[in-house]
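# Results of the structural survey
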Amino acid sequence: QVQLVESGGGSVQAGGSLRLSCAASGRTYAMGWFRQAPGKEREFVAAVSWGGDRTSYTDSVKGRFTISRDYAKNTVYLQMHDLKPEDTAVYFCNVGNTITTIQTARVSASWGQGTQVTVSS
């Protein structure tokens, strides 16, 4: 089974930037990011297709976050700009057959530890 290790979280002020990384071991297809804020359910954030030519974002991050992948490193990134306090959450990555399966959380790997992102106002 694919193993996932997220990194790159931290504490920033509103308007700041962070880049998250997720290194995967094993075969991956589409890859994506999710987040879970305190007291809330985990939600879809972004996904990228196997070919890297298609992406999908939840509405609240469009124009601020960019997902990308490095095939040589089997790693997916989430570049986050203009961070807002409501982006505060633990961020997780996962894999799926397609962008659609990731959007609906039909993921293929066990959830990792995630990486904490805290945005202060």
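Check the entry above for the structure.
The structure reproduced in this document is the subject of the present report. The structure presented is a predicted model; accordingly, all values stated were derived computationally and were not measured.

## Some points on the overall build of the protein chain
Check the secondary structure of the protein chain and you find 1 helix and 10 strands. Against the globule reference of 14 Å for 121 residues, the protein chain gives a C-alpha radius of gyration of 13 Å, in line with a compact fold. Seen along its three principal axes, the alpha-carbon backbone of the protein chain occupies a region of about 40 × 25 × 25 Å. Within the protein chain, the proportion of its 121 residues that are buried is 45%. Taking the intrachain contacts of the protein chain between residues at least 6 apart in sequence as the baseline, contacts between residues at least 24 apart amount to 57%. A total accessible area of about 6200 Å² is found for the protein chain, and carbon and sulfur atoms account for 47% of it. A gap of 5 Å separates the mean positions of the 12 positive and 9 negative side-chain charges of the protein chain.

## What about the sheet that holds strand 8 (residues 75-80)?
Strand pairing in a sheet relies on backbone hydrogen bonds, with the paired strands running either antiparallel or parallel. Spatial ordering of the open sheet is given by 1-3-8-7, a layout of 4 strands whose pairing is antiparallel. The two strands at the open ends of the sheet, each matched to only one other strand, are strand 1 (3-7) and strand 7 (65-70). Mean inter-strand twist for the sheet, computed between neighbouring axes without regard to direction, equals 15 degrees. Across 5 bridges, the pairing between strand 1 and strand 3 (residues 18-25) is antiparallel. Within strand 3, the residue paired with leucine 4 across the bridge is alanine 24.

## Quick notes on the pairing of strand 3
In the case of a regular strand, side chains alternate between the two sheet surfaces. Bridging between strand 3 and strand 8 involves 6 bridges; their strand directions are antiparallel. Each residue of the ladder has a partner; that of arginine 19, found in strand 8, is glutamine 79.

## Some thoughts on the pattern of salt bridges
One pass over the structure, following the stated rule, counts 4 salt bridges. Through salt bridges with shared partners, a single network forms among Arg35, Glu43, Arg64 and Asp87.

Each value, and the rule that gives it
Here the residue numbers are simple positions, counted from 1 along each chain's written sequence. Thresholds applied to this predicted model are a pLDDT of at least 70 for local features of residues and 80 or more for the giving and counting of side-chain atom pairs; totals over whole chains, interfaces and linings are not thresholded and use all residues. Remark: hydrogens and water are excluded; side-chain values derive from all non-hydrogen atoms of the structure. Helix numbering and strand numbering both begin at the N terminus, where a helix is a DSSP run of H or I of at least 4 residues and a strand a DSSP run of E of at least 2. The globule rule is 2.2 Å times the number of residues to the power 0.38, and the radius of gyration it is compared with is taken over C-alpha atoms. Burial status follows relative accessibility: with a 1.4 Å probe on protein chains alone, a residue under 20% of its type maximum counts as buried, one over 50% as exposed, and anything between as partly exposed. Note on contacts: a residue pair qualifies if any of its non-hydrogen atoms lie within 4.5 Å across the two residues. Reported accessibility uses the Shrake-Rupley method at a 1.4 Å probe radius. Residues are deemed covered only where the shown protein chains occlude them. A residue counts as positive if it is Lys or Arg and as negative if it is Asp or Glu; His and the chain ends are not included. Charge coordinates come from a single atom per side chain, which is NZ of Lys, CZ of Arg, CG of Asp or CD of Glu. Between any two strands, pairing holds if DSSP finds at least two bridges. To obtain an axis, a line is fitted to C-alpha atoms, over the contacting stretch when the element is a helix, and the angle between two such axes runs from 0 to 180 degrees between their N-to-C directions. We count a salt bridge whenever a side-chain nitrogen from Lys or Arg sits within 4 Å of a carboxyl oxygen from Asp or Glu.

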